[in-house]
Amino acid sequence: MLGAVLGLVIFPLLALERDAGPIRMEPLDPRASPATFVMRGGPKGPARMVFLHGMCGHALGYAQSFQWNAAKKGTLIAPQGDRSCGGPWSSWSKDIDALDARIVATFRALGAEGPIEDIVLIGYSQGATRAEAMARQWPERYTRLILIAAPTVASPHGLSSLRGAIMMAGERDRQDLMRTGMRALKAAGIPSTFIVLPEATHGAMGSAPEKTMGEALDWLWAHQRPE
């Protein structure tokens, strides 16, 4: 009994210690493969956000590129893809059930209680296709989307409960698919806009990712439909 009590006391203290210090992204569990990178430090807002990288990408650098403005809204996590491309790089399988379970388990490990809902899901390229599919499968969990340089046009089919969506593409990347998707979502009554990543080629976050992503998150909060 004493051991159980001590465990209840020690665990919150350890959690608080891990979350102390400046904003930073680090592995939830350094032994886990694939890794899931999580935001530590503070201060942070109350929201929950997830970033899904593209084909043969790496989650850490993307998440770090806008971590300060993400922290103003809440906690950002960035799982690494489950299909290796060799070395540190990876892609995504089509197993979105397993990905959803990883996301829920990660927020639980960070101390979340109650339903894991109302998440902003950010996907780049292949990650955008997974994000769109997950928003259809779990509409109460993934309520807002930021899709970046997806290989297909976003469809409003099955996304009627979205609170808001942003389509993005690099200044030096193909933009027509994302602009078409934005118009389709808007026509379906989903608050949506298109934002350019300055000077970005495909796979890049551009010359000012903190500024651009900060503006995107601000737009999403300002224009999202109420719950």
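Anything mentioned here points back to the structure above.
The text that follows walks through the structure, step by step, so that each part is easy to find. (Residues numbered from 1 in each chain as written. Predicted model: local features only at pLDDT ≥ 70, side-chain atom pairs only at ≥ 80, totals over all residues. Heavy atoms only, no water.)

1. Looking at the overall build of the protein
Scanning the protein from terminus to terminus reveals 7 helices and 10 strands. A compact globule built from 227 residues would reach a C-alpha radius of gyration of about 17 Å, and the protein, at 17 Å, matches this within 12%. In terms of principal-axis extent, the alpha carbons of the protein reach across some 60 × 40 × 30 Å. Long-range pairs, those at least 24 residues apart, make up 64% of the contacts in the protein with a sequence separation of at least 6. Here the protein has roughly 10600 Å² of accessible surface; of this, 58% comes from carbon and sulfur atoms. Each charge class in the protein was averaged separately, 24 positive and 21 negative side chains, and the resulting centres sit 2 Å apart. (Helix = DSSP H or I, 4+ residues; strand = E, 2+ residues; numbered from the N terminus. Rg over C-alpha atoms; globule rule 2.2 N^0.38 Å. Contact = heavy atoms within 4.5 Å. Areas by Shrake-Rupley, 256 points an atom, 1.4 Å probe, with all protein chains shown as cover. Lys, Arg positive; Asp, Glu negative; His and termini not counted. Charge placed at Lys NZ, Arg CZ, Asp CG, Glu CD.)

2. A short note on the state of the cysteines
Under the definition given, this model contains 1 disulfide. Disulfide pairing is shown between Cys 56 and Cys 85; the S-S distance is 2.2 Å. Here the disulfide of Cys 56 and Cys 85 is left-handed, its torsion about the S-S bond being about -85 degrees. Of this pair, Cys 56 sits in the loop between β3 (47-52) and α2 (59-64) while Cys 85 sits in strand β5 (residues 83-86); the two residues are 29 residues apart in sequence, bridging distant segments of the chain. Here Cys 85 falls in the partly exposed class, since its relative accessible area comes to 33%. (Disulfide = S-S within 2.5 Å. Buried < 20%, exposed > 50% of the residue type's maximum accessible area, 1.4 Å probe, protein only.)

3. A word on the pattern of salt bridges
In total, this model carries 10 salt bridges according to the counting rule given. For the salt bridge of Arg 144 with Asp 118, the shortest nitrogen-to-oxygen distance reads 3.0 Å. Residue Arg 144 is located in strand β8 (residues 142-148), and its partner Asp 118 is located in the loop between α4 (96-109) and β7 (119-124); the two are separated by 26 residues in the primary sequence. Here Arg 163 makes a salt bridge to Asp 118, at a shortest N to O gap of 3.0 Å. On the criterion of sequence distance, the pair formed by Arg 163 in the loop between β8 and β9 (164-170) and Asp 118 in the loop between α4 and β7 is long-range, its members being 45 residues apart. Overall, Arg 163 belongs to the buried group, its relative accessible area being 10%. Overlapping salt bridges, with partners in common, bring together Arg 24, Glu 26 and Arg 40 in one network. (Salt bridge = Lys/Arg side-chain N within 4 Å of Asp/Glu carboxyl O.)

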